[in-house]
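Listed below, chain by chain, are the residues.
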Amino acid sequence: MHIRKQRLLTPGPTPLYPPALHAMMASDIHHRTEDFRKVYKSALADLKEVMGTSHDVLMFAASGTGAMDATVSNLFSRGDKVIVCSAGKFGERWVEIAKAYGLDVTVLSAPYGEVVTVEAVAGALAAEPAARGVFVQASETSTGAAHDVRGMGRAVAKTDAILVVDAITGLGTMPLDIDGWGLDVVIGGSQKAFMIPPGLAFLAVSPKAWKFADTATLPHYYFNLKKEKKSGDAGESSWTPSTALILALAEALKYVQQIGMPKLVENAQLLARATRAAVEKLGLELFAPHSPGASVTAVKAPRGMDSGVIVKEFRNRFGAIIANGQGSMKGQIFRIAHLGYFDFADLFAVIAGLEIILHAHGVPVEFGAGVAAAQEIYAEAAVAPQTVNA
Ligand SMILES: *Cc1c(COP(=O)(O)O)cnc(C)c1O
């Protein structure tokens, strides 16, 4: 047997930032103490800075879906008309949540791999002047496509509706000017570009969105935005917080601040660009060629090959966990992630591994061709050698 390291290379959970993991060991701390209040307050402040917003930022002990659920239950009422952009499994999740709470949903759908356009949103708003909200994914992780949330913000800002953005994999992979673009609710999750384990959900709430909380009548209890805002201002969370994860987050945010959010975004975008170049060089097709995002690159398996074989081979040969397609895309595509704690060394290895796997399954590949394409992007972008230790 040879050495085979475990590598978590999925678009959530993502690779963990080691100092953040170490910070979790200091969680023998009580959450109603000054010591913890200090940590919590500064984590919320740093999160707000990293998200680049003046809006209130709240945190819940939940996976990202918890903040999606909280947004619907706190800001809307049964029967409210809403428009949901659905271009993948996470768009479908918005539809399911909105329907579960009895909202009157108009679905704007795009085929998997494509996106819902700003024009479609503007048209739906014009046709439905009573619409109270527009829901979208900044980055649709299931297909690798990214929506034009900037354009959508412009369209929604002219109306009485709010724009609710699931940016769970958008944060840290694309520029998001929350205040400037009119993004009323922006949702994030800990296990994506924040480089820590799953279990924290974040959301930034605009003044326009807060007004919705005053009139909304849907029932909610655990996820209470107003209560959480009041608690957060006092340096506490309403319920027992995930102290370990908050310690980890505080550490990871320091790292993001050190490199800078724009650089984190650029990192993901460069890796995504290099990945596209590499897989195309290998003769593979992108699943979302028209609006590719930088959180993850979805690649079609070669004709006649189940993408599950590639996923399994990565695990068996290289101890690497990469993502298959979800739902009906399972078996059709595999997904190479770039969000958070990924670097070029990871990518070179993934592409080299992919070449070996394709070759082993009779797909003609010239060893090194894909890697060279990625190397060229690296060289072109003149990624500066770093002497500072992460
Ligand atoms: C990961 C993810 C979510 C959240 O899923 P959870 O399992 O609840 O963390 C939501 N939307 C998108 C686009 C995601 O990538």
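No experiment lies behind these values; they were computed from the predicted model shown.

Points about the overall build of the protein
Helix and strand counts for the protein stand at 13 helices and 14 strands. In terms of overall size, the protein behaves like a compact globule, its C-alpha atoms giving a radius of gyration of 21 Å where 390 residues would be expected to give roughly 21 Å. For the protein, the C-alpha atoms occupy an extent of roughly 60 × 55 × 35 Å along the three principal directions. Split into buried and exposed, the 390 residues of the protein put 56% on the buried side. Partitioning the contacts of the protein with sequence separation of at least 6, the portion at a separation of at least 24 is 72%. Here the protein displays about 16,400 Å² of accessible surface, and carbon together with sulfur accounts for 54% of that area. Between the mean site of the 36 positive side-chain charges and the mean site of the 37 negative ones, the protein shows a separation of 3 Å.

What to know about the sheet that holds strand S13 (residues 323–324)
Taken in spatial order, the 3 strands make up an open sheet running S11-S14-S13, and their pairing is antiparallel. If you trace the sheet from one side to the other, it starts and ends with strand S11 (296–300) and S13, each paired once. Taken together, the 2 bridges between S13 and strand S14 (residues 333–337) define a ladder with antiparallel strand orientation. Among the inter-strand pairings, Asn 324 is bridged to a residue of S14, identified as Phe 334.

Structural notes on the sheet that holds strand S4 (residues 104–109)
Within a sheet, each strand pairs with its neighbour through backbone hydrogen bonds, oriented either parallel or antiparallel. Pairing within the open sheet is mixed, and its 7 strands lie in the order S2-S10-S9-S8-S5-S3-S4. In this open sheet, the two edge strands, each paired with only one partner strand, are strand S2 (56–61) and S4. Each strand of the sheet is rotated relative to its neighbour by a mean of 20°, with strand direction disregarded. For strand S3 (residues 81–86) and S4, the ladder comprises 6 bridges, and the chain directions are parallel. Among the inter-strand pairings, Cys 85 is bridged to a residue of S4, identified as Leu 108. Running at roughly 155° to strand S9 (residues 185–189), helix H3 (residues 64–75) makes contact with S2, strand S5 (133–137), strand S8 (162–166), S9 and strand S10 (200–205) of the sheet.

Here's the deal with H3
With 12 residues, H3 ought to run about 16 Å at 1.5 Å a step, and its terminal C-alpha atoms sit 17 Å apart, in line with that. H3 sits mainly inside the fold: 10 of its 12 residues count as buried. Taken residue by residue, H3 has Gly 64, Gly 66, Ala 67, Met 68, Ala 70, Thr 71, Val 72, Ser 73, Asn 74 and Leu 75 as its buried positions.

Observations concerning the packing of helix H10 (residues 261–281) against helix H13 (residues 369–380)
Axis angle and axis distance: for two packed helices, these are the angle between their axes and the distance between the axes, and together they describe the pair. Taken N-terminus to C-terminus, the directions of H10 and H13 make an angle of 150°; their axes are 7 Å apart at the nearest point. By the angle class used here, H10 and H13 are roughly antiparallel. The way H10 lies across H13 gives a crossing that is right-handed. Where H10 approaches H13, its residues Leu 270, Arg 273, Ala 274, Ala 277, Ala 278 and Lys 281 are matched on the opposing element by Ala 369, Gly 370, Ala 373, Ala 374, Ile 377 and Glu 380. Of the residues assigned to the contact of H10 with H13, the class counts are 8 nonpolar, 1 polar and 3 charged.

Quick notes on the pattern of salt bridges
Taken as a whole and judged by the stated rule, the model has 14 salt bridges. Notably, a salt bridge pairs Asp 214 with Lys 226, separated by 2.9 Å at the nearest N-O pair. Taken together, the residues Asp 214 in helix H7 (residues 207–215) and Lys 226 in helix H8 (residues 225–233) connect sequence positions 12 residues apart. A relative accessible area of 42% places Lys 226 in the partly exposed class. In this structure, the salt-bridge partner of Asp 233 is Lys 229, at a minimum N-O distance of 2.7 Å. Here Asp 233 and its partner Lys 229 are both found in helix H8, 4 residues apart, which amounts to about one turn of the helix. The exposure class of Lys 229 is partly exposed, given its relative accessible area of 23%. One connected set of salt bridges, linked through shared partners, spans Arg 32, Glu 34, Arg 37 and Glu 236.

Let's talk about the domain arrangement of the protein
Each assigned domain of the protein is listed with its residue range as follows: domain 1 (7–13 + 261–382) and domain 2 (18–259). Each of domain 1 and domain 2 has a C-alpha centre, and these two points are 28 Å apart. Contacts between domain 1 and domain 2 engage 28 residues on the former and 29 residues on the latter. Summed over both sides, the interface between domain 1 and domain 2 buries roughly 2,400 Å², with carbon and sulfur atoms accounting for 66% of that surface. When the buried surface of domain 1 facing domain 2 is broken down by residue, Met 261, Leu 264 and Tyr 341 rank first, second and third, together holding 24% of it. Inspection of the domain 1/domain 2 interface yields 6 residue pairs in polar contact (both at pLDDT 80 or more). Residue contributions to the side of domain 1 that touches domain 2 peak at 6 residues, all from H10. Tallied by class, the residues present in the side of domain 1 that touches domain 2 amount to 16 nonpolar, 10 polar and 2 charged.

Here's the deal with helix H2 (residues 34–51)
Taking 1.5 Å of rise per residue, the 18 residues of H2 would be expected to cover 26 Å, and the 26 Å separating its terminal C-alpha atoms lies within 8% of that figure. Close packing links the buried residues of H2 with S2, S9, S10, H8, helix H9 (243–259) and H10. Just beyond H2, the residue with positive phi is Gly 52, at close to 70°.

Cut-off values and rules
- Residues numbered from 1 in each chain as written.
- Predicted model: local features only at pLDDT ≥ 70, side-chain atom pairs only at ≥ 80, totals over all residues.
- Heavy atoms only, no water.
- Helix = DSSP H or I, 4+ residues; strand = E, 2+ residues; numbered from the N terminus.
- Rg over C-alpha atoms; globule rule 2.2 N^0.38 Å.
- Buried < 20%, exposed > 50% of the residue type's maximum accessible area, 1.4 Å probe, protein only.
- Contact = heavy atoms within 4.5 Å.
- Areas by Shrake-Rupley, 256 points an atom, 1.4 Å probe, with all protein chains shown as cover.
- Lys, Arg positive; Asp, Glu negative; His and termini not counted.
- Charge placed at Lys NZ, Arg CZ, Asp CG, Glu CD.
- Pairing = 2+ DSSP bridges.
- Axes fitted to C-alpha atoms, helices over the stretch in contact; angles between N-to-C directions.
- Expected span 1.5 Å × (residues − 1).
- Parallel < 35°, antiparallel > 145°, perpendicular 65-115°, else oblique.
- Left-handed = near helix turned anticlockwise from the far one by under 90°.
- Nonpolar A, V, L, I, M, F, W, Y, C, P; charged D, E, K, R; others polar.
- Salt bridge = Lys/Arg side-chain N within 4 Å of Asp/Glu carboxyl O.
- Domains from an automatic or database assignment.
- Buried area = accessible area lost by both parts, 1.4 Å probe.
- Polar contact = N/O pair within 3.5 Å; in protein donor to acceptor, adjacent residues only side chain to side chain.

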